[in-house]
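What follows is each chain in one-letter form.
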Amino acid sequence: MEQKRTLWIILVVIAVAAILCSVVIGGVVYLTKAKTDGRHAFSVYINEIMVSNESFPNRDGVSCDYIELHNSSDRAVSLAGYQLEDDRSGVRYVLPQDAVIEPDGYLMVYCSKEFEGPYYAGFGLSKLGGEKVFFLNPQSVVVETVTTLAADRDVAQGLDDEQNWSLLSFATPGYPNTHEGYRQWNESHAIAGSSDVRINEIMISNSIYRVDDGAPADWIELYNSAKTAVRLDGYALSDDLDK
């Protein structure tokens, strides 16, 4: 009698263990599927990259390479401790503790070895392409990897309408990769005062008017029609756009 009871208990334990194993295995499969289904495992992902930037200055007036992050969710996400790294420089940039990306918002990280600040990574990007950019979480686990494309100056690359990486028709740093996003970018910079500054006068053969060193020189005069000062650091003048 005791042996039958012991055998019955053993069978019950085995049955319960089998049920638990099936639940756990099923749960693991479900969680794995839920994590990897779709284009992105995390609601924040790399949305646009510029590898040779001269015409899209940031709020500091600096035109440099950039990586744009997009939050596709309906809630703000803290990016404190998240990291960006490329596979060539070996430099790992860590986002500051107050880094927050708003719902359906964008966050810009500027890639430059020359400028410093909380949103400047200490590495640049190659316009030759083939460079891997890693987005990592605070535990240094890779969330996303993007391989850059070769691109000419001022040509952005990013996710198109079908969520595939390609060269874009226009750059939209900080805005959606759409015609509307490009319009919004232009408007935001017009408000900042860039459209208020224009070339007002040019001298191409000067032999009379002397500059500070006492010698005559040709000149280009800029005029600011706004009522407030406009920062021009990062802007440029050139007689050859191919240089």
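Before reading further, recall that the structure is shown in the block above.
Residues numbered from 1 in each chain as written. Predicted model: local features only at pLDDT ≥ 70, side-chain atom pairs only at ≥ 80, totals over all residues. Heavy atoms only, no water.

(A) Local environment of the pairing of strand E9 (residues 132-136). Counting buried positions along E9 gives four out of five residues, so the element sits mostly inside the fold. Relative to E9, strand E4 (residues 83-86) is paired through four bridges, and the arrangement is antiparallel. Along E9, the bridge assignment pairs Glu85 with Phe134. Summarising the sheet, E9 and strand E10 (residues 142-147) pair through five bridges and their orientation is antiparallel. If you follow Leu136 over to E10, its bridge partner there is Val142. From the end of E9 to the start of E10, which pair antiparallel, there are five residues, and Ser140 there has a positive phi angle of about 65 degrees. (Buried < 20%, exposed > 50% of the residue type's maximum accessible area, 1.4 Å probe, protein only. Helix = DSSP H or I, 4+ residues; strand = E, 2+ residues; numbered from the N terminus. Pairing = 2+ DSSP bridges.)

(B) Representation of the packing of aromatic side chains within the structure. Under the criterion given, the structure shown has six aromatic pairs. Arranged with centres 5.6 Å apart and planes meeting at 35 degrees, the rings of Tyr82 and Phe135 form a pair that is tilted. Placement of the pair is Tyr82 in the loop between strand E3 (77-78) and E4 and Phe135 in strand E9, with a sequence separation of 53 residues. The structure contains a cluster of three or more aromatic residues connected by ring pairs, namely Phe42, Tyr82 and Phe135. (Phe/Tyr/Trp six-rings, centres within 6.5 Å; stacked < 30°, edge-to-face > 60°.)

Honestly, it's all geometry; don't read function into it.
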